[in-house]
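The chain contents come next:
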Amino acid sequence: MEQDLPKEAARAQPAANAPGVWQRIQSWDSRLSVTKGLTAVTLLTGLVGGYFQYISSYDQKMSEQAKTDMDLAAKTFMDISDAFAEVQTQQETMLRDEFDSLKVQSSPAFIPVDSKTLEPYDDYRKARIVLRRNGAIFARKAEIYIDWPSDMGRDAAAEHTLDQDPLTATLLTKYNFDCESEANMPQFKGAIYNGGDPGRPSEELCNDPTANGLKSYVELCARLPNGTVDPLQKVVTINWWSAKHHVLVMHHCFEALRGQLNLLQVPASGKQVSSDRKPETTPQDSSERRLQLQARRLDAFMTLTMSQLDRIRVRYRPTGFVCHAPVLREAVGYFTNHCLPNQPIKSERS
């Protein structure tokens, strides 16, 4: 019995002497301290590495998109410029040859010649067919590959009205766009079109385009057969900061010049015309002026497109190290859009 006393005394020891829950946690913590350190380093390295891998992959995609946008914009620019330059060069050559051949004629009588009589030139005919076939397509390509990528404020995912830009070749014809008016020539000075609805026409708006100063757009009004403004038709805006609008106007004016009676006159023997019926300007001067206006329109389109190509470059410019560093990128993005890949332009057009 005395031998069993130590065993019973041991059983009677208070439970507090046994290791508690907290002691067990500390014991396991000490045993796994090395493993915990390795896990934290591995986890941190994985997060940082994954972050920079994501940024690198994203930048690569943006770089590929930038190259695609630039290539398509440059190709569209070259295709449109080449097509219009080719047909205008052929026109200049054709008219010069016709005038030179008529210099030897001395009859004082004149009869009008339709422009179709000036189309025996095979190169001109081919260039004209190509331009007429692709005119509307060129305008859409200019919108898709030049206007949209260079628009810093455009969000492709946002909701857009399908008829947001109502200008078409048909409307230019319907509104009797005057290709020979100096007020309808492209310019990039003055007020910029803000995309708003110009509303209904007014006499001041339609009859005095520069009433409110220079503008880099034209507000086109519909007119009735007697020349008065049609109050029921909305005003259509031609925006000279739009490559699409340039192409539509160039093509419309090319067709208008070709479709009207050419001022080139050919002698008609045996007929006399009084001096008061002769044109105030020579046919050559009138034709050359039209060709010069076409050349100015093409030059304006090329000037705008080169500017838009630069804007595409700006849109995809590198954002710098701060925009790739963890935490700093989010901090900068909280206050400004500087780290966005498609940054809004801060300087106004002038």
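Please refer to the structure higher up on the page.
Residues numbered from 1 in each chain as written. Predicted model: local features only at pLDDT ≥ 70, side-chain atom pairs only at ≥ 80, totals over all residues. Heavy atoms only, no water.

## Re the overall build of the protein
1) Next: From N to C terminus, the protein includes nine helices and four strands.
2) Next: Listed by position from the N terminus, the elements making up the protein come as α-α-α-β-α-α-α-β-β-α-β-α-α.
3) Next: Relative to its 350 residues, the protein shows a buried fraction of 33%.
4) Next: Of the contacts formed within the protein by residues at least 6 apart in sequence, a portion of 80% connects residues at least 24 apart.
5) Next: Within the structure as shown, the protein displays about 22,200 Å² of accessible surface, and the carbon and sulfur contribution to it stands at 56%. (Helix = DSSP H or I, 4+ residues; strand = E, 2+ residues; numbered from the N terminus. Buried < 20%, exposed > 50% of the residue type's maximum accessible area, 1.4 Å probe, protein only. Contact = heavy atoms within 4.5 Å. Areas by Shrake-Rupley, 256 points an atom, 1.4 Å probe, with all protein chains shown as cover.)

## A few points about the pairing of strand β3 (residues 236-239)
1) Next: Here β3 shows no split at all, with Val236 and Ile238 on one side and Thr237 and Asn239 on the other all buried.
2) Next: Two strands pair when backbone bridges link them, and strand β2 (residues 217-220) and β3 are joined in this way by four bridges, in the antiparallel orientation. Directly across from leucine 220, in β3, lies its bridge partner valine 236. (Pairing = 2+ DSSP bridges.)

## Topic: the pattern of salt bridges
1) Next: This model, assessed by the stated rule, comprises 10 salt bridges.
2) Next: One salt bridge in this structure joins lysine 67 and aspartate 71, with 2.9 Å as the shortest N-O distance. Of this pair, lysine 67 and aspartate 71 both sit in helix α3 (residues 33-102), four residues apart, roughly one helical turn.
3) Next: The exposure class of lysine 67 is exposed, given its relative accessible area of 54%.
4) Next: Relative accessible area serves as the criterion here: at 41%, aspartate 71 is assigned to the partly exposed category.
5) Next: The salt bridge involving glutamate 180 is made with arginine 290; its shortest N-O contact spans 3.1 Å. (Salt bridge = Lys/Arg side-chain N within 4 Å of Asp/Glu carboxyl O.)

## Observations regarding the state of the cysteines
1) Next: For the structure shown, the criterion picks out two disulfides.
2) Next: The disulfide that involves cysteine 179 links it to cysteine 253, with 2.2 Å between the sulfurs. Taking the sign of the S-S torsion, about -95° here, the bridge from cysteine 179 to cysteine 253 comes out left-handed. With a gap of 74 residues between them, cysteine 179 in the loop between α5 (169-174) and α6 (203-207) and cysteine 253 in helix α7 (residues 243-259) connect regions that are remote in the sequence. The exposure classification of cysteine 179 matches that of cysteine 253, with both residues buried.
3) Next: With a sulfur-sulfur separation of 1.9 Å, cysteine 206 is cross-linked through a disulfide to cysteine 221. Handedness of the cysteine 206-cysteine 221 disulfide follows from its S-S torsion of about -85°: it is left-handed. With cysteine 206 in helix α6 and cysteine 221 in the loop between β2 and β3, this pair connects stretches of sequence that are 15 residues apart. (Disulfide = S-S within 2.5 Å.)

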